[in-house]
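An overview of the molecular structure
Listed here are the chains, written in short residue letters.
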Amino acid sequence: MALMAAVTVAMAAGAQAQDKIDLLYSDVTSADVPRSQAMTGIFADDISDDFNLKAHFNGTLVKQGAELVAVQRGNLDLAILPPSDFAEQAPAFDILGAAYVVRDADHLMRIFNSEIGDTFRELARDKMGIEILAPAYYGRRQVNVVGDEKIMTPEDMSGIKLRMPGGESWQFLGKAIGANPVPIPYPEVYTALQTGVIDGQDNPLPNDKAMKFYEVTDQIVLTSHNVGFGMLIMSAKKFDSLSEEQQQTLRDAATKAFTWSNAQYLEQEDELVSFFKDQGLDVYTPDVDAFRTYAQKQYLDSDMSKDWPEGMLEKINNL
């Protein structure tokens, strides 16, 4: 009888495990960064009663740029994607990646906790068949330059050859902060700085440290001109197949996980300011209001804002 009871318990446990829903998750970043740790730790634990998270990193499962289509086709369940990826199918999302629209981590959360966030969630569903679960902050992009001449306003950026990622949106972002943008592949930036091909580059501070750009530059100007973030997504079809309780579990787990990872990124940014100063770099904050005013005018006076929802910039600025 004892043996039969043990077998019954084991069979019940096996059946329960089989009832869990597998969720395939892919990311191009490494497993040790805060957003990845948040997914494999907090998120995975909080959904474990109903789901098994199967995570893959470093683009080993799905290549960068292919994740959105993979989710839409049902080949992938979860991914964290930036606004630029969304904008390829729903151009209105491009506003969220423009210079000085999203100001910081707190502003990002206010956006997605407001009717503005509802607008973009509805747009993602209507245009792409995608459910946005929660936003995830990555860090603010800062200007990192050679030389000791202070940069306090966009006018001070005139003539500076600033490496920016390739693509029209990224190149325009460099122009929008007053620089002369130059597209150079990321692995070649260190040498380009060292040899004078470019005068500077922009990246979040953790990237500057990882790539050792501080070895060949003299200043970090805390322009905070762009907030790096992504949105955790699932196909609307997959999401709608779940119970209301399971849907809420996913939303709550994502919010909890990224609340933790956001704090980790912010802590890293604060610590890195001291690190770069210890390395001999001049680290300071310019006239951010002057940069913001200049940048938003550049966008509004160009075709880059033609797909922005009417009145959306003003709504975001007022949050």
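These lines cover the structure that appears in this document, whether it is placed above or below. These numbers were taken from a predicted model, which means no experiment stands behind them.

Focus on the overall build of the protein chain
A tally of regular secondary structure across the protein chain gives 13 helices and nine strands. What you see for the protein chain is a C-alpha radius of gyration of 22 Å, in line with the 20 Å of a compact globule of 319 residues. Referenced to the eigenvectors of the C-alpha coordinate spread, the extents of the protein chain come out at roughly 85 × 45 × 30 Å. Relative to its 319 residues, the protein chain shows a buried fraction of 49%. Considering only intrachain contacts with a sequence separation of at least 6, the fraction spanning at least 24 residues in the protein chain is 76%.

Focus: the nonpolar core
Proteins that are soluble and globular tend to have nonpolar side chains buried together. Phe-86, Phe-93, Ile-95, Leu-96, Met-157, Ile-233 and Tyr-299 are the most contacted members of the largest nonpolar core, which has 59 residues in total. Among the nonpolar cores identified, the runner-up in size contains 26 residues, and Phe-57, Ala-254, Ala-257 and Phe-258 belong to it.

Thoughts on a negative patch on the surface
A contiguous patch of negative charge, built from Asp-148, Glu-149, Glu-155, Asp-156 and Asp-218, is present on the exposed surface. Residue position: Asp-218 is located in the loop between α9 (205–210) and β8 (219–235). The class for Asp-218 is partly exposed, based on a relative accessible area of 37%.

Section: the pattern of salt bridges
Inspection of the entire model under this criterion finds 14 salt bridges. For Lys-238, the salt bridge identified is with Asp-77, shortest N-O distance 3.6 Å. You can see Lys-238 sitting in helix α10 (residues 236–240) and its partner Asp-77 sitting in the loop between α3 (67–73) and β3 (78–81), a full 161 residues away along the chain. A residue is classified by how much of its surface remains accessible, and Asp-77, at 13% relative accessible area, is buried. Between Arg-251 and Glu-131 there is a salt bridge whose closest N-O contact spans 3.8 Å. With a gap of 120 residues between them, Arg-251 in helix α11 (residues 244–278) and Glu-131 in strand β4 (residues 130–145) connect regions that are remote in the sequence. Its relative accessible area of 8% is what places Glu-131 among the buried residues.

Considerations on helix α6 (residues 115–128)
Its 14 residues give α6 an end-to-end C-alpha distance of 19 Å, which sits within 8% of 20 Å, the value for a rise of 1.5 Å per residue. Within the sequence span of α6, burial applies to Ile-116, Gly-117, Phe-120, Leu-123, Ala-124 and Met-128. The arc that holds every buried residue of α6, seen down its axis, measures 120 degrees, which confines them to one face. Opposite the buried face of α6, by more than 90 degrees, sit the exposed residues Glu-115, Glu-122 and Asp-126. The opening residue of α6 is Ser-114, an N-cap whose side-chain oxygen sits 3.1 Å from the backbone nitrogen of Ile-116. Downstream of α6 by one or two residues, Gly-129 has phi in the positive range, about 70 degrees.

Re helix α7 (residues 168–176)
Among the residues of α7, Gln-171, Phe-172, Leu-173, Gly-174 and Ala-176 are the ones counted as buried. Directly beyond the C-terminal end of α7, a positive phi value near 95 degrees is found at Gly-178.

Topic: the packing of aromatic side chains
Counted under the stated rule, the structure contains ten aromatic pairs. Pairing Phe-172 with Tyr-299 gives two aromatic rings, centres 4.9 Å apart and planes at 65 degrees, and the pair type is edge-to-face. Residue Phe-172 is found in helix α7, and its partner Tyr-299 is found in helix α12 (residues 288–300); the two are separated by 127 residues along the sequence. No difference in accessibility class separates Phe-172 from Tyr-299, as the two residues are buried. Consider the rings of Tyr-186 and Phe-213, whose centres lie 6.2 Å apart with planes at 80 degrees: the pair is edge-to-face. Of the two residues, Tyr-186 sits in the loop between β6 (180–183) and α8 (189–195) while Phe-213 sits in the loop between α9 and β8, which places them 27 residues apart along the sequence. With a relative accessible area of 27%, Tyr-186 lands in the partly exposed category. Overall, the relative accessible area of 0% leaves Phe-213 in the buried class.

Criteria and cut-off values
Residues numbered from 1 in each chain as written. Predicted model: local features only at pLDDT ≥ 70, side-chain atom pairs only at ≥ 80, totals over all residues. Heavy atoms only, no water. Helix = DSSP H or I, 4+ residues; strand = E, 2+ residues; numbered from the N terminus. Rg over C-alpha atoms; globule rule 2.2 N^0.38 Å. Buried < 20%, exposed > 50% of the residue type's maximum accessible area, 1.4 Å probe, protein only. Contact = heavy atoms within 4.5 Å. Core = buried A, V, L, I, M, F, W, Y, C linked by side-chain atoms within 4.5 Å. Patch = residues over 30% accessible without salt bridge, like charges linked within 9 Å, V, L, I, M, F, W, Y side chains within 5 Å. Areas by Shrake-Rupley, 256 points an atom, 1.4 Å probe, with all protein chains shown as cover. Salt bridge = Lys/Arg side-chain N within 4 Å of Asp/Glu carboxyl O. Lys, Arg positive; Asp, Glu negative; His and termini not counted. Charge placed at Lys NZ, Arg CZ, Asp CG, Glu CD. Expected span 1.5 Å × (residues − 1). Arc of directions from axis to C-beta. Polar contact = N/O pair within 3.5 Å; in protein donor to acceptor, adjacent residues only side chain to side chain. Phe/Tyr/Trp six-rings, centres within 6.5 Å; stacked < 30°, edge-to-face > 60°.

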